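What the coordinates show
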Amino acid sequence: MKTIFLGTLILGSLLLSACELDKFPLNGPTAGTFPATEEEAILGLYGAYKGLTQLDAASTPIWHVMDNITDIGYARPGNNYTSPITSSLTTDNALATKPWGVHYKTIARCHSVLDNLEDIRAEMTEDAYNQIDAELRVIRAYCYSQLIELYGDVPLVLHALGLDDADLPRTPKAEIQRWIIDEMTAVADYLPTSQTQYGNVRAGGVVAYMLKARVALYSEQYALAAEAAARAMEMAQGVYELTPFDASIDYANQTHEAGEPECANIFGYAGYQSSKEWIWVAEYNQSISGNTHNQGYYMAARLGKGVCYWGPTQNFIDSFQATDGLPIDESPLYDAADPFVNRDPRLDMYCARPHARLMGIQFEPHARFSRVNNYWPVINGQSNEPASVENADATNAYRSFSGYLWRKHTDNSDYERNSVSGFSDLNAGIFRYAELLLIYAEAKIEAGDIDASVYDAINQIRARAHMPAIASNLSQSELRTALRYERKIELCNDGLRWYDIRRWKLAPQVMNGYLYLNRSANEWTKDVLVRIDENYSPIYNHGEATKYFNTQEVLYRENKDELWPVPQTERDANNNLTQNPGY
């Protein structure tokens, strides 16, 4: 049962629709006299938090969509998801234009409170005033941090706009980055360290410093990023930490007969309830109108009552190291004829592959498996033996298009609710401790300030995955390789890869050519792989690989595909909005 933050209080925030808070801020009305009381200010704050949950695609929270338009994930082919990887986005593409509107709506919700909060300051304690002000500014800054990465220069709106204020020009991205960093510096110490009593849905001081660190990292201010991340880590002591995988990690590298690897104690309902890894969370709650999604349905296998919208690529599967810590082109433990043994356990913890158990059912995309085992009778104590069922994951026309599915960010308890009309209120994480460790490590590496703390940050994550520590005394470039491996593997399907391959200037390499997909679950030979490069990107022998894998041709045009287009509807409403190059 959901007992976290929004609860019945946010129901009051729905009254804010009368204030027209869902208007785009570039052409919306003024906020009037709201809020008139501290209680109304809190309801407005809750409305702003709820705004963060409104950005989705295929009823999947945006955090779990973005990696599926990169080299590591693949979406069901279609205009919204094929266009971004073939340099064919248009100015009215729903996926590319929706973030603009949703983030600015949330910013408008923040302004509806911020603009008049000073008027009721005398009726509040100074601490209450400062905290509400700080939380709203964190939400607003986060929205801008997303907007500038997707669109580059965007209008920096800091107050609700009147009807005569619609034609604002775009503010340079670098200026907004400086503004976010200054904002977080200004508000961080007005926030409690954490707000775990609200399920980390409300932002604390660690969130403010982590946002500062992430923006500084993305803007290549490495010393500042390391400093902010170190401050966040210091504050996090005793509050946030990595959560060990549960005992099901023992089923990694094994088949469906052994059991099912699960990471729900971190990325499922139990994880959001009790894991100390989550620093900031977007809450979904079925008791609140419009506050659910149907991610489980879109992520699940056909036999899991889903439609297989999203899944890892072969490129990603081949990126996982062997258990000796070596890439698979170097490790003597790797056998292409038996590729899912002796691998980094996160392959099975985060992905579903052939011969594994997924959501209680044997997952086999190959047509030779006409029937598979359904373990739910065993799980439910109704039988000592699994049932045999027809294998829709090998025969349905809309089975997994990559041959793999995501396990991370699913929960087996959604199995019964998965359907076209189903719903889930599984939360979505915004910040977690693993990313904070990797922000710190990357910033220190890129700043050339390498010490034992860099190794410790990376090795904490590897130890949790039962992987060996990285070698000592590595060069800066070798540490960069180690860091990029961990970001690729540990942060997969968290929505960060799209940004990473752009800021690392890898997109022209990994998003030109082909994505490899093993929809038929064919076996392959070692000859398909030439090598794993310094960024842990597999390099394939294309002629050999196409004997086993199907492909998706991808195209990345430099000086265009770094950014998405400014929505044409916004440009129609604002004569001062210029378009990004290439659109």
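Values in this document were obtained by computation on a predicted structure and should not be read as measured data. All residue numbers refer to positions counted from 1 along the written sequence of the respective chain. Local features are withheld for residues below a pLDDT of 70 in this predicted model, meaning they are given only at 70 or higher, and side-chain atom pairs are given and counted only at 80 or more; totals for whole chains, interfaces and linings count all residues. Working from all heavy atoms in the structure, the side-chain values ignore hydrogens and water.

**Things to note about the overall build of the chain**
Strands here mean DSSP runs of E at least two residues long; helices mean DSSP runs of H or I at least four residues long; both are numbered from the N terminus. When its secondary structure is counted, the chain shows 22 helices and 16 strands. Oriented by its inertia axes, the alpha-carbon framework of the chain measures out at about 70 × 55 × 50 Å. Residue exposure (1.4 Å probe, protein chains only): buried if accessible area is under 20% of the type maximum, exposed if over 50%, otherwise partly exposed. When burial is assessed residue by residue, the chain has 63% of its 583 residues classed as buried. The convention is simple: Lys and Arg are positive, Asp and Glu are negative, and His and the chain ends are not counted. Charged groups are reduced to one reference atom each: NZ for lysine, CZ for arginine, CG for aspartic acid, CD for glutamic acid. Side-chain charges of the chain comprise 49 positive and 75 negative groups, with the mean position of each set lying 4 Å from the other.

**Quick notes on the packing of aromatic side chains**
Pairing of aromatic rings covers Phe, Tyr and Trp, the last counted by its six-membered ring, and requires centre-to-centre distances within 6.5 Å; plane angles under 30 degrees mean stacked, over 60 mean edge-to-face, and any other angle means tilted. Considering all chains together, one arrives at 30 aromatic pairs under this definition. Considering the side-chain rings of Phe340 and Tyr404, the 6.4 Å spacing of their centres and the 75° angle between planes classify their relative orientation as edge-to-face. With Phe340 in the loop between helix H12 (314–317) and helix H13 (346–350) and Tyr404 in the loop between helix H15 (392–395) and strand S11 (405–406), this pair connects stretches of sequence that are 64 residues apart. Overall, the relative accessible area of 1% leaves Tyr404 in the buried class. Here the aromatic residues Phe340, Tyr404, Tyr514, Tyr516, Trp524, Tyr540 and Phe549 are joined through ring pairs into a cluster of three or more.

**As for the pattern of salt bridges**
Two side chains carrying opposite charge are able to pair once their charged atoms lie near each other. Salt bridges are defined by distance alone: a side-chain nitrogen of Lys or Arg within 4 Å of a carboxyl oxygen of Asp or Glu. With the rule as written, the count across this model stands at 34 salt bridges. Salt bridges linked by common partners bring Glu277, Asp344, Arg346, Lys408, Arg432, Arg462, Arg464, Glu486, Glu490 and Asp494 together as one network.

**Focus on the packing of helix H4 (residues 94–117) against helix H5 (residues 126–151)**
With axes taken as lines fitted to C-alpha atoms, and helix axes fitted only over the stretch in contact, angles between N-to-C directions fall between 0 and 180 degrees. For the pair H4 and H5, the least separation of the axes is 9 Å and the interaxial angle reads 160°. Judged by the angle between their axes, H4 and H5 are roughly antiparallel. Judged by the sense of rotation from one axis to the other, the crossing of H4 with H5 is left-handed. For classification purposes, angles smaller than 35 degrees are called roughly parallel, those larger than 145 roughly antiparallel, those between 65 and 115 roughly perpendicular, and all remaining angles oblique. Take the far helix as your reference; a near helix turned counterclockwise from it by less than a right angle gives a left-handed crossing, and one turned clockwise gives a right-handed crossing.

**Comments concerning the packing of helix H8 (residues 222–236) against helix H16 (residues 433–447)**
Where H8 meets H16, the axes come as close as 8 Å, and the angle between the chain directions of the two elements is 145°. Where H8 crosses over H16, the two elements pack in a sense that is left-handed. In contact with Tyr222, Ala223, Ala225, Ala226, Ala229, Ala230, Ala232, Met233 and Ala236 of H8, H16 contributes Tyr433, Leu436, Leu437, Ile439, Tyr440, Ala443, Lys444, Glu446 and Ala447. Think of it as three bins: nonpolar holds Ala, Val, Leu, Ile, Met, Phe, Trp, Tyr, Cys and Pro, charged holds Asp, Glu, Lys and Arg, and polar takes everything else, Gly as well. For the contact of H8 with H16, the residue count by class is 16 nonpolar, no polar and two charged. Residues count as neighbours in contact if any of their non-hydrogen atoms are within 4.5 Å of one another.

**Let's talk about H5**
In this analysis, the expected span of each helix is defined as 1.5 Å times one less than the number of residues it contains. Between its first and last C-alpha atoms H5 spans 37 Å; for 26 residues at 1.5 Å apiece the expected length is 38 Å, and the two agree. With 23 of its 26 residues buried, H5 lies for the most part within the structure.

**Some thoughts on the nonpolar core**
Buried Ala, Val, Leu, Ile, Met, Phe, Trp, Tyr and Cys residues form a nonpolar core when they are joined through side-chain atoms within 4.5 Å. Counting 169 residues, the largest nonpolar core has Tyr144, Ile180, Trp280 and Trp564 as its most contacted members. In terms of residue count, the dominant contributor to this core is H5 (15 residues). If we ignore the near neighbours within four places in the chain, the residues touching Tyr144 are Tyr104, Ile107, Val154, Pro155, Leu156, Val157, Ile176, Trp179 and Ile180. Counting residues in each nonpolar core, the second largest holds 14 residues, with Ala352, Phe369, Val372 and Trp376 among its members.

**Quick word on the side chain of Arg399**
Within the element layout of this structure, Arg399 appears in the loop between H15 and S11. An unpaired buried charge is present at Arg399: no salt bridge exists, and Asp393, the closest side chain of opposite charge, is 8.2 Å distant. For this analysis, a polar contact is any N or O atom pair within 3.5 Å, provided that within protein one partner can donate a hydrogen and the other can accept it, and provided that sequence-adjacent residues contribute only side-chain to side-chain pairs. Within polar-contact distance, the side chain of Arg399 engages the backbone oxygen of Asn396 at 3.0 Å. If we skip the residues at most four places from it in the chain, Arg399 touches Arg302, Cys308, Ala392, Asp393, Ala394 and Arg519.

**Re the environment of Asn535**
Mapped onto the secondary structure, Asn535 falls in the loop between strand S14 (529–532) and strand S15 (538–540). Once the C-alpha coordinates of Asn535 and Glu234 are considered, the two residues, 301 residues apart in sequence, prove to be 30 Å apart.

**Remarks on the confidence of the model for the chain**
On average, residues of the chain carry a pLDDT of 94, and 95% of them reach 70 or more. Considering only residues more than four positions removed or in separate chains, one finds that residues 7–31, a stretch of pLDDT under 50, has 62 contacts. The quantity known as pLDDT measures the predictor's confidence residue by residue, on a range of 0 to 100.

**Quick notes on helix H17 (residues 452–464)**
Taking 1.5 Å per residue, 13 residues should reach 18 Å; H17 reaches 18 Å between its end C-alpha atoms and fits that length. All of the buried residues in H17 are Val454, Tyr455, Ala457, Ile458, Asn459, Ile461, Arg462 and Arg464. Buried residues along H17 sit in contact with helix H9 (264–267), H13, strand S12 (428–432), H16 and helix H18 (476–490). His466 occupies a position one or two residues after H17 and carries a positive phi of about 60°.

**Side note on unusual backbone geometry**
Residue Pro35 is bonded to the preceding Phe34 through a cis peptide linkage, with omega at 0°. Of note, Pro35 is situated in the loop between helix H1 (9–13) and helix H2 (38–51). Even without being a glycine, Ser87 presents a positive backbone phi close to 55°. Tracing the backbone through its elements, the reader meets Ser87 in the loop between helix H3 (79–82) and H4. Even without being a glycine, Asn342 presents a positive backbone phi close to 60°. Relative to the elements of secondary structure, Asn342 occurs in the loop between H12 and H13.

**Some thoughts on the side chain of Asn518**
Structurally, the position occupied by Asn518 is in the loop between strand S13 (513–517) and S14. Polar side-chain contacts of Asn518 include one of 2.9 Å to the backbone nitrogen of Asn522. With near-sequence residues (within four places) excluded, Asn518 lies in contact with Gln314, Ser402, Gly403, Tyr404, Trp524, Tyr548, Phe549 and Asn550.

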